[in-house]
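Chain residues, written in single-letter form:
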Amino acid sequence: MSVLSTVATITASHTGRAEPLTTVRHQHLDEQPFVLVPLTLAGEACAPLAALAGTDPERPMLLTVRQPRNRAERFRFAERLATLLLAYIDGCRTETEPYTVGRGKEKEERLRFQRAPQLLVPNGEGIAYVRLLGRLTRLRATEGPYAVDPSVPALGKWLTWFADLAEFPNSGALLAMTRLLAANWATGQSSSEDSHLASLFAWIDPPEDSDGARAAREAEDPAVWPPAGPSTDPVFDRTLHALMTRYDDASDDRGREAVGRQIDHELSGQMLPTWRLMWRGVELLRELPEGAHVPGRWDLDRRWFSEYVEYLDADGRPQARRDQAVRAARRLARLEDAVTRFEAERAFDDPLVMAEYELTGEAFTGTVTARDEDRFIPGDRPGSQVWRPTIVLRTDTRVGLAVGTEVKSPARPGQEARILEVRQEDGAGHTVVLQLKGGFARKRTPPAPPGTLAETGEELTYTTLNPTAMPSVLPDEENTPWTHGGPPQPYEPTDEDAEETWE
């Protein structure tokens, strides 16, 4: 937890209301997200029990498994979920737009869909459920002794795609509501308590006659606010067990159907409060303005969605049970780049986030006190001169960056700067001299175009963060050194994959 987060948490505990951690929203929220509230059978990690799903807050679709230990009923649940989710995904495959990838000679024109699916679940356990359900369904065979409906492996492939992207902070394909809310507000409770959706909401949006602490205590009553899942409340488990026993012991279909409807009613009652909180969370988050880099990240999601659609249409093989070495290495590199870029973009978009880096010495803010627009320095070629103006900043805070450090400013992200001098003044504060490069609308000599060179009196922030840093480059597969034979072969599904136990 950062210093500012700690201060916000302490403030929230005193005021009884959540404190903002951001000034903008750093995740894209689709106009029509697909919300999924799943429940699982107690004691089994991925035995589907029920789910509320859909894109309409007023019309959730109820999916239940009246006897989760019945394999056939589990796959019927998967079929019904596939009917809903695959139709939603197909609805995103509409109009396309061109975009460019690569640079120079490798530049290439491609097409991507103008929409991409977005799946919202209540919490991190919901993401783990999506991952596990995807793993247990994507490798199923549609022919032979363990055949399932073709929609089941199709559902598994897409759930795995969502779960894989959930690890990337710059993707909005699969998001957990508790993580979204906790990223934007600090409460007066611990981070583990923030994983309880109703309790977290109590701090952010308490009733008018209450405060966050009191409302959070009331939200811990599972009779009023059942757990957001996928695990269920132990008291409810006993009720459900009694109903399922009556369901199994029913003497005829009519009696079994009557008990089944009662099971459906009880399961719906467990999920409806969470369903309403999910959509209330969507409303709260939409009230926050969107960060400047959010549209670019959503463009990347749409590109990934379009590429996966193209892959499925051309190949159709499911994701491998385990990543082979090359894919794992490339995925790890992409993940590290995504984390670095996302953190930099958040800081550039949000002064509250940037303030945390100022406290750690990775950024500073000052006022421009002087500038030298006509400054030239010797170039690389003998006798040549290059234009490198300077500005001088006065700051009252500590500057933790050394001379020679390359920095950038959110005010002019396309303009590179280098620290030439840091002087501690007799009083408090420092004076920093910065040499500027680029960002002058391609001009190579003064005067600088209006707005490209900071004016005296302007307040600027500089940081070592760089949201446009180039990603790491890995060698091609044929040039990768292998210590145990050649490169691993591409994954081919086997008959054994279809026999994997649903556990």
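Use the structure listed above.
Rules behind the numbers
- Residues numbered from 1 in each chain as written.
- Predicted model: local features only at pLDDT ≥ 70, side-chain atom pairs only at ≥ 80, totals over all residues.
- Heavy atoms only, no water.
- Pairing = 2+ DSSP bridges.
- Helix = DSSP H or I, 4+ residues; strand = E, 2+ residues; numbered from the N terminus.
- Axes fitted to C-alpha atoms, helices over the stretch in contact; angles between N-to-C directions.
- Salt bridge = Lys/Arg side-chain N within 4 Å of Asp/Glu carboxyl O.
- Buried < 20%, exposed > 50% of the residue type's maximum accessible area, 1.4 Å probe, protein only.
- Core = buried A, V, L, I, M, F, W, Y, C linked by side-chain atoms within 4.5 Å.
- Contact = heavy atoms within 4.5 Å.
- Phe/Tyr/Trp six-rings, centres within 6.5 Å; stacked < 30°, edge-to-face > 60°.
- Expected span 1.5 Å × (residues − 1).
- Arc of directions from axis to C-beta.
- Polar contact = N/O pair within 3.5 Å; in protein donor to acceptor, adjacent residues only side chain to side chain.
- Lys, Arg positive; Asp, Glu negative; His and termini not counted.
- Patch = residues over 30% accessible without salt bridge, like charges linked within 9 Å, V, L, I, M, F, W, Y side chains within 5 Å.
- Areas by Shrake-Rupley, 256 points an atom, 1.4 Å probe, with all protein chains shown as cover.
- Parallel < 35°, antiparallel > 145°, perpendicular 65-115°, else oblique.
- Left-handed = near helix turned anticlockwise from the far one by under 90°.
- Nonpolar A, V, L, I, M, F, W, Y, C, P; charged D, E, K, R; others polar.

Novice: Where do I start with the sheet that holds strand β3 (residues 48–54) in this structure?
Specialist: Strands in a sheet are paired, the pairing made by backbone hydrogen bonds, and the direction either parallel or antiparallel. As summarised here, the arrangement of the five strands in space is β4-β3-β2-β7-β8, forming an open sheet in which the pairing is mixed. The open sheet has two edge strands, β4 (61–64) and β8 (174–176), and neither has a second partner. The average undirected angle you get between the axes of adjacent strands in this sheet is 20°. Here β3 pairs with β4 via four bridges, running antiparallel. Within β4, the position partnered with Ala53 by the bridge is Met61.

Novice: I'm lost on the pattern of salt bridges in this one. Help?
Specialist: Side chains carrying opposite charge are able to pair once their charged atoms draw close together. Enumeration over the complete set of coordinates arrives at 28 salt bridges. We note a salt bridge from Asp30 to Arg115, for which the minimum N-O separation is 3.2 Å. Pair noted here: Asp30 is in the loop between β1 (19–20) and β2 (34–40) and Arg115 is in the loop between β6 (108–113) and β7 (119–121), with a separation of 85 residues, a long-range link. Relative accessible area serves as the criterion here: at 24%, Arg115 is assigned to the partly exposed category. Here the salt bridges do not stand alone but share partners, grouping Arg66, Glu257, Arg261 and Asp264 into one network.

Novice: What am I meant to see in the nonpolar core here?
Specialist: Taken as a class, soluble globular proteins show a tendency for nonpolar side chains to be buried jointly. Counting 47 residues, the largest nonpolar core has Leu36, Val130, Trp158, Trp161, Phe162 and Phe305 as its most contacted members. The set of elements that each furnish at least two residues to this core consists of β2, β3, α2 (71–92), β7, α3 (124–137), α4 (151–166), β8 and α11 (294–314). Residue contributions to this core peak at ten residues, all from α2. When residues no more than four places from it in sequence are discounted, the contact partners of Val130 are Leu36, Leu119, Val121, Leu159, Phe162, Ala163 and Leu174. Grouped together as the second largest cluster of nonpolar side chains are 44 residues, Leu29, Leu49, Leu175 and Leu284 included.

Novice: I'm lost on the packing of aromatic side chains in this one. Help?
Specialist: Any two aromatic rings considered together are summarised by their centre-to-centre distance and by the angle between their planes. In total, this model carries 13 aromatic pairs according to the counting rule given. An angle of 85° between the planes, with centres 4.9 Å apart, marks the rings of Trp158 and Tyr308 as edge-to-face. Here Tyr308 lies in helix α11 and Trp158 lies in helix α4, a separation of 150 residues in the sequence. By the ring-pair criterion, three or more aromatic residues cluster together here, those being Phe113, Trp158, Trp161, Phe162, Phe305, Tyr308 and Tyr311.

Novice: Hey, could you run me through helix α9 (residues 234–249) in this one?
Specialist: Helical geometry: 3.6 residues make up each α-helical turn, so side chains three or four residues apart lie on a common side. If you check α9, its first and last C-alpha atoms are 23 Å apart, about what 16 residues at 1.5 Å a residue would give, namely 22 Å. The complete set of buried residues in α9 reads Phe236, Leu240, Leu243, Met244 and Tyr247. Along the long axis of α9, the arc covered by the buried residues comes to 100°, so they all point the same way. Of the residues in α9, the exposed ones pointing more than 90 degrees away from the buried face are Pro234, Arg238, His241 and Asp249.

Novice: I keep staring at the side chain of Thr463 and nothing clicks. Help me out?
Specialist: By the secondary structure assignment, Thr463 is in strand β17 (residues 459–463). According to the relative accessible area criterion, Thr463 is buried, its value standing at 0%. Within polar-contact distance, the side chain of Thr463 engages the backbone nitrogen of Leu465 at 3.1 Å.

Novice: Mind showing me how you'd approach the side chain of Asp301 here?
Specialist: Tracing the chain through its elements places Asp301 in helix α11. Here Asp301 occupies a buried position and makes no salt bridge, while the nearest side chain of opposite charge, Arg297, is found at 7.8 Å. Once you skip the residues sitting within four places of it in the chain, Asp301 turns out to touch Ala116, Leu165, Ser171, Gly172 and Ala173.

Novice: Even after reading the chapter, I still don't get the pairing of strand β5 (residues 96–101), so can you show me in this structure?
Specialist: A regular strand places its side chains on the two faces of the sheet in alternate fashion. Two strands pair when backbone bridges link them, and β5 and β6 are joined in this way by six bridges, in the antiparallel orientation. Counted as the bridge partner of Pro98 is Leu111 from β6. If you look at the hairpin formed by β5 and β6, you'll find six residues sitting between the two strands, and Gly102 has a positive phi there, around 80°.

Novice: I would appreciate a short explanation of the pairing of strand β13 (residues 390–395) in the present structure.
Specialist: Counting buried residues along β13, five of its six residues qualify, which places the element largely inside the surrounding structure. Sheet topology places β13 next to strand β16 (residues 430–437); six bridges connect them, and they run antiparallel. Among the inter-strand pairings, Ile391 is bridged to a residue of β16, identified as Leu434.

Novice: Sorry, what's going on with a nonpolar patch on the surface here?
Specialist: Judged by side-chain polarity, Val3, Val7 and Leu359 come together as a nonpolar surface patch covering roughly 270 Å² of accessible area. Structurally, Leu359 is set in helix α13 (residues 351–359). Residue Leu359 is classed as partly exposed on the basis of its relative accessible area, which comes to 47%.

Novice: Would you take a moment to explain unusual backbone geometry for this structure?
Specialist: Most peptide bonds take the trans configuration, and most residues that are not glycine carry a negative phi. At the junction of Gly229 and Pro230, the peptide bond is cis and its omega measures out at -5° in the coordinates. Along the polypeptide, Pro230 turns up in the loop between α8 (212–219) and α9. Of note, the amide linkage connecting Pro446 to Pro447 takes the cis form, showing an omega dihedral of 5°. Within the secondary structure, Pro447 sits in the loop between β16 and β17.

Novice: Honestly, α8 in this entry has me stumped. Any pointers?
Specialist: Taken as a whole, α8 has its buried residues at Gly212, Ala215, Ala216 and Ala219. Along the axis of α8, the buried residues cluster in a sector spanning 105°; they form a single face. If you follow the buried residues of α8, they end up packed against α7 (197–204).

Novice: Would you mind going over the packing of α7 against helix α10 (residues 253–286) with me for this structure?
Specialist: Axes are the key here: two packed helices are described by the angle between their axes and the distance separating the axes. The contact between α7 and α10 brings their axes to 11 Å, and the two run at 40°. Taken together, the axes of α7 and α10 are oblique relative to one another. Between α7 and α10 lies a crossing whose hand is left-handed. Contacts from Leu197, Ala198, Phe201 and Ile204 of α7 reach α10 at Thr274, Leu277, Met278, Arg280, Gly281 and Leu284. Classifying every residue of the contact of α7 with α10 by side-chain character gives seven nonpolar, two polar and one charged.

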